[in-house]
Amino acid sequence: DLLPPDVFKWSIEYAVAKAAKLKKNLKIIITTNAVYLTQNKIDFLKKYKNHIIIEVSLDGKKESHNTNRPQKDRSRIVDSYTIITKNFPALVSSGLYARISMVVSPHTSGELLENFAHLLKLGFNKIWLMFSCGVLWRRSEEHTSELQSH
């Protein structure tokens, strides 16, 4: 965990209590790759489900995600997609508001619809598409023809 568990819990408890005291509407967005989103954390977050939004970074099917987000240590046996998706069943069934943040890059844009469908199959029905910035995009007949055919 990058944020110590006690700080994570205290921050949410404090924010929710403070918002209630001030009669303010509070939404806490937790952006994560879900690697450390354990069942214990999900159970804790369910106590505050009216205040919590879980935003998970996943760029589609395994090949697309791993293209956009390769492992820094390529000697690792497990790829980033496999590591990230292991906690998805617990998240999807938790009842928490969970959405996917899918980055579309020039390398994965030709598979946009297939990647979107894959995320739906994983059980997510709230998907944010974000187009990669700071990279060179070229108009490609392959990409536009796939989008037009659907």
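This structure is a prediction, so every number in the text was calculated from the model and none was measured. (Residues numbered from 1 in each chain as written. Predicted model: local features only at pLDDT ≥ 70, side-chain atom pairs only at ≥ 80, totals over all residues. Heavy atoms only, no water.)

## Things to note about the pairing of strand β1 (residues 28-32)
Consideration 1: The side-chain alternation of β1 yields one buried face, formed by I28, I30 and T32, and one unburied face, formed by I29 and T31.
Consideration 2: By the bridge criterion, 5 bridges tie β1 to strand β2 (residues 52-57) in an arrangement that is parallel. By the bridge assignment, I29 is partnered in β2 with I53. (Buried < 20%, exposed > 50% of the residue type's maximum accessible area, 1.4 Å probe, protein only. Helix = DSSP H or I, 4+ residues; strand = E, 2+ residues; numbered from the N terminus. Pairing = 2+ DSSP bridges.)

## Points about the pattern of salt bridges
Consideration 1: Scanning the entire structure with this criterion turns up 6 salt bridges.
Consideration 2: E55 is the salt-bridge partner of R99, the closest N and O atoms lying 2.7 Å from each other. With R99 in strand β3 (residues 97-104) and E55 in strand β2, this residue pair connects regions lying 44 residues apart in the sequence. By the burial criterion, R99 is buried, and E55 matches it.
Consideration 3: The partner of K61 in a salt bridge is E63, with the nearest N and O atoms 3.7 Å apart.
Consideration 4: K61 sits in the buried class, given a relative accessible area of 11%.
Consideration 5: The structure contains a network of salt bridges with shared partners spanning K61, E63, E111 and E114. (Salt bridge = Lys/Arg side-chain N within 4 Å of Asp/Glu carboxyl O.)

## Topic: the nonpolar core
Consideration 1: Of all hydrophobic cores here, the largest spans 32 residues; its most connected members are I12, L45, I54, L91 and I100.
Consideration 2: Put simply, the parts of the chain that give this core at least two residues each are α1 (5-21), β1, α2 (39-46), β2, α4 (80-85), α5 (88-92), β3 and α6 (112-121).
Consideration 3: Apart from residues no more than four positions distant in its own chain, L45 is found in contact with F8, I12, I30, L37, I52, I54 and L96. (Core = buried A, V, L, I, M, F, W, Y, C linked by side-chain atoms within 4.5 Å. Contact = heavy atoms within 4.5 Å.)

## Some remarks on the sheet that holds β1
The strands that make up a sheet pair up through hydrogen bonds in the backbone, lying either parallel or antiparallel.
Consideration 1: Strands sit in the order β1-β2-β3-β4 across an open sheet of 4 strands; the sheet is parallel. What marks the edges here is a single partner per strand, and that holds for β1 and β4 (127-131). Geometrically, the sheet is characterised by an average inter-axis angle of 25 degrees between neighbouring strands, direction not taken into account.
Consideration 2: Pairing analysis gives 5 bridges linking β3 to β4, with the strands arranged parallel. Residue pairing in the sheet places M102 in a bridge with L129 of β4. (Axes fitted to C-alpha atoms, helices over the stretch in contact; angles between N-to-C directions.)

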